[in-house]
Amino acid sequence: MELRSVEELMDLLYAGRHQHALRTAALLRRSRPADKELQVAGLVHGIGPVLCPGDEAGRARSTAEAVRPLLGERVFRLVRGDAGTADDDVQRLRLADEEGRTTGFDAGVLEDWRTVLELVAARHSRLGAVD
C-alpha cells in the first residue's frame, strides 16, 4: 500500500493504537521541537499492524514503504529503523517509542498533528520536492 494523502494516513492512525503514537510523537516534540520529520516518524511508525496485521517481521518495512511517497526519504529511513542513517535519531525514536508505552500522560488528539503531517507531506510532494 502506498499512501497518497494525509487523509488516508489519518484514517490509518485512527484505526491503530493512536494513543501510543501520540505519546511517542509528543515525547519527540519535547526533545527535538524543530525536527518535524522525527516527530512525524514517531507518530506514524506504529501503523504497521493496521497495514499488515499478520506480518510482524515485515511491519517496519511495510510501514516505511507506505509513508515514503507522502512523507519523504528521511521519514522512510527513520520508520524503517536504518541504523546507518541518522543513528542518533533512530535511537531517539526507539527510546520515545519505549517510553510512550510506559508513560501515561495526555498527549492531545490526532487532529493536533494534521497540520504537521500536511507540512511534511507538502515539503516532500512529488510535484514540488527538490531534495
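Up top you'll find the structure we're talking about.
A quick note: this is a predicted structure, and the numbers were derived from the prediction, not measured.

### Structural notes on the overall build of the chain
Within the chain one finds eight helices and zero strands. Over its C-alpha trace the chain gives a radius of gyration of 13 Å, about what one expects of a compact globule, namely 14 Å for 131 residues. Seen through its principal axes, the chain has C-alpha atoms that stretch 40 × 35 × 30 Å. Taking all 131 residues of the chain together, the buried fraction comes to 45%. Taking all contacts inside the chain whose residues are at least 6 apart in sequence as the whole, residues at least 24 apart take part in 70%. With an accessible surface of roughly 6800 Å², the chain has 51% of that area assigned to carbon and sulfur atoms.

### Quick word on helix α2 (residues 18-31)
With 14 residues, α2 extends 20 Å from end C-alpha to end C-alpha; this agrees with the ideal 20 Å at 1.5 Å per step. Taken together, the buried positions of α2 are His 20, Ala 21, Leu 22, Arg 23, Thr 24, Ala 25, Ala 26, Leu 27 and Leu 28. Contacts from the buried residues of α2 go to α3 (36-44) and α7 (87-102).

Definitions and limits used
Think of each chain on its own: its residues are numbered from 1, step by step along the sequence as written. Given that this is a predicted model, residues contribute local features only at a pLDDT of at least 70 and side-chain atom pairs are listed and counted only at 80 or more, while totals for whole chains, interfaces and linings are drawn from all residues. The basis for every side-chain value is the complete set of non-hydrogen atoms in the structure, without hydrogens or water. Comment: elements are numbered from the N terminus, with helices defined as DSSP H or I runs of at least four residues and strands as E runs of at least two. The globule rule is 2.2 Å times the number of residues to the power 0.38, and the radius of gyration it is compared with is taken over C-alpha atoms. Remark: exposure states derive from per-residue accessible area (1.4 Å probe, protein chains only) relative to the maximum for the residue type, with buried under 20%, exposed over 50%, and partly exposed in between. Between two residues, a contact is recorded if the distance between any of their heavy atoms is within 4.5 Å. Per-residue accessibility takes into account occlusion by the displayed protein chains alone, with areas from the Shrake-Rupley method and a 1.4 Å probe. To estimate the expected span of a helix, subtract one from its residue number and multiply by 1.5 Å.

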